[in-house]
Every structure is written in structure tokens, then in C-alpha cells.
Amino acid sequence: MKFSALEGLTRVAALGSLASLAACGSTRAPSNGSGSSTPSGTSSTVTVPLSHAPTGTVNLSWSSSTHKITAHVAMSDFTPGSSHALHIHQGSCSSQGPVAVDFPDVTANAVGAINESVTAAVPSPAGIPTAHSYFNIHLGNSSQISSALGFTPLGCANILAGSSTASDMLTVSAPPQSGLHPSGSAKVTYSRSAKMLSVTVRATGLPPNTSHAAHVHLGSCASQGSIKYDLKDIVVGSTGSGVSKTVFHNVTSPLPKTGWYVNVHFGSSKQIVANGSPTIYFQPVLCGSAS
């Protein structure tokens, strides 16, 4: 999913709402990608690992007095201002089943992070469902999940049998993609003598035969900022792997050591923006921060 309209958004530094959003890179949790730098004469190269987005945890707690479950979501790497449905389902992350507990939607803030608690009534038996169940956060909000696109899982965590019925902290990870998990790397090379910057992004574990917008943003995966460089789309083949290489000329200085990140989006550059605003396809799927 790419950003054809991103060039205009690049100039917007402040992220207040989806309509004014200029940056979609979410900054990743503290060590979400440490870059390695290799200077050579007038050239320098930095490689930044890319990992699944969004990332974070959910803490499930059960109240015996109210007979309700509270889910405290602490995650980053969402489209700023986007809302998402979340549930506890029967089954597992690799074998999805029907909804067992339906929570209210949660909404990302201006930098793409969610730190919010929502509560839902629990059908009997009381307590957190722990028999073959899992937590799921979706690409769309509750009004969008009737479609296959909106229902797409962004993150998942199995609730193991024997977990506490009072409280359970879960780490949310990427749902399996044909047995693979999304990962990748971004290699940034700058030539001072040629005033040239090249960015090569490689990705694996993505849905086969899809295209994805990619950018270099200012900020971090956990605290998203504006777009610095608009990269060519990553075209993913039948194996779930793809690569994008973009060369920029007349660049007078390299990227700083920190304060930027590389983001790969759910959709192509033609899909991620409509009428100047991010669409559902803008959601990051891979991110890595320079450090």
C-alpha cells in the first residue's frame, strides 16, 4: 500500500488527526530495531532491522464484583487517529474461531500509540476465557469488521489454559502468514561525493502477490513523525518476499544517527491516502527505528 499522495503529507510535521496526518511510521518500543553503521571513505551505510507492527501488550483482568473483563491495551505502530475492534475469540491465533468477548473499540493517538482500557461483560462461565481462546485486534473498527479487509487481524495473543482468571498479561504478536511472520531490513547508503542516498528495503512473511508503500519518517516507530523520503513500493511475490530500492540525488547530508525510522504499510502507495487523508490501508505492518 503506497503513498502517492504522501509527498504533500510529508510537509506536515504535526500529527493531530487522520485528516492532518503526515506521518505514518510508528516508533517502535524501546529497541525496536537497532541500526548498524558502516562508514567507508565518503560513503556510509546504516542497516535497520524491521519487525512486525503494531507491537505491545494487553492486560486482561476480571472483576468478580462487576462480572466484567477489562482489557488494557498498551501498543504502538498504528495509523495515528485510527480505531480498531478487539475481541477474545474461541480457537487460537493459528486456528481462528468465533468471538467470545466483544470489547469497545480503541483509538490510536496522534503518534500512533494506544494506551487505553476498555471493559466488556462476560457471558458465563465467569472469568477470563482460558480454554482454547485468544485475544485479537483487527485492522478495522467495529463498523468495518463485517468485511474481510476490516476483520484482518493486526495482532494476536493466545490465552493459555491455566492462565489466571483474575489477571493475565499478554504480548501481542503478528498473526501467522502462511506459517511466516513479517520481518525485514532497510539498508540506507549515503555517498557524500556523489550527493546520493539509496534506500533498499527487504521484507519477508507478507501476504503473497501484494504491494506495500514504504517511507523513511522522522521520529520513531513508537512516536511517529512526518515523511522524510517517499520510497518505491515493495512488490511481494508468491513466496511472501519482496524488495524495493530507491535512489535520491542531490542529497547534501546523510540521515542523522537517530530520530528516523522506516515504515512499510498495509497497502500500496495508490491505496494508503484518499482525499488527503490516510485510509485503512495506511496501517504499518513493518517498522524499524534508527538507534
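Scroll up to find the structure.
Visitor: Just to check I follow, could you spell out the nonpolar core for this structure?
Guide: Note that soluble globular proteins tend to have their nonpolar side chains buried in a common cluster. Counting residues in hydrophobic clusters, the biggest one holds 53 residues, and the most contacted among them are L60, I69, L86, F103 and V201. Beyond its immediate sequence surroundings of up to four residues, L86 is in contact with A71, V73, V101, D102, F103, P104, D105, V106, V118, F135, N136 and I137.

Visitor: Please clarify how the sheet that holds strand β10 (residues 133–138) should be interpreted in this entry.
Guide: Spatial strand order, β7-β6-β10-β11: four strands in an open sheet with antiparallel pairing. What marks the edges here is a single partner per strand, and that holds for β7 (95–102) and β11 (153–159). Shown here is a sheet whose adjacent strand axes are inclined to one another by a mean of 35°, direction ignored. As paired strands, strand β6 (residues 86–92) and β7 are joined by five bridges and run antiparallel to one another. Looking at the pairing, S92 lines up with S95 of β7.

Visitor: Got a minute to help me understand the state of the cysteines in this structure?
Guide: Such a bond, covalent and formed between the sulfur atoms of two cysteines, is termed a disulfide. With the rule as written, the count across this model stands at two disulfides. The disulfide that involves C93 links it to C156, with 1.9 Å between the sulfurs. Here the S-S torsion is close to -100°, and the disulfide linking C93 with C156 is therefore left-handed. With a gap of 63 residues between them, C93 in the loop between β6 and β7 and C156 in strand β11 connect regions that are remote in the sequence. Here C156 falls in the buried class, since its relative accessible area comes to 2%. A disulfide bridge connects C221 with C287, and the sulfur atoms are separated by 2.0 Å. On the sign convention where negative is left-handed, the bridge of C221 and C287, at about -100° about the S-S bond, is left-handed. Here C221 is found in the loop between β15 (211–218) and β16 (227–236), whereas its partner C287 is found in strand β21 (residues 284–289), with 66 residues between them in sequence. On the basis of relative accessible area, C221 is assigned to the buried category, the value being 0%. Each disulfide in the protein links cysteines that, numbered along the sequence, combine into the pattern 1-2, 3-4.

About the thresholds
Numbers given for residues are sequential positions, taken from 1 along each chain in its written order. Given that the model is predicted, a residue must reach a pLDDT of at least 70 before its local features are reported, and side-chain atom pairs must reach 80 or more before they are shown or counted; all residues, however, enter totals for whole chains, interfaces and linings. As a rule here, side-chain values cover all heavy atoms of the structure and leave hydrogens and water aside. Side-chain atoms within 4.5 Å are what join buried Ala, Val, Leu, Ile, Met, Phe, Trp, Tyr and Cys residues into a set we call a nonpolar core. Each residue is assigned to one of three classes by its accessible area relative to the maximum for its type, calculated with a 1.4 Å probe on protein chains only: buried under 20%, partly exposed between the two thresholds, exposed over 50%. Here a residue-residue contact requires only that any non-hydrogen atoms of the pair lie within 4.5 Å. Strands qualify as paired when DSSP identifies two bridges or more between them. Each helix is a run of H or I in the DSSP string that is no shorter than four residues. Each strand is a run of E no shorter than two, and both are numbered from the N terminus. Axes here refer to lines fitted to C-alpha atoms; in helices the fit is confined to the stretch in contact. Angles between the N-to-C directions go from 0 to 180 degrees. Two cysteine sulfurs form what is called a disulfide whenever their separation falls within 2.5 Å.

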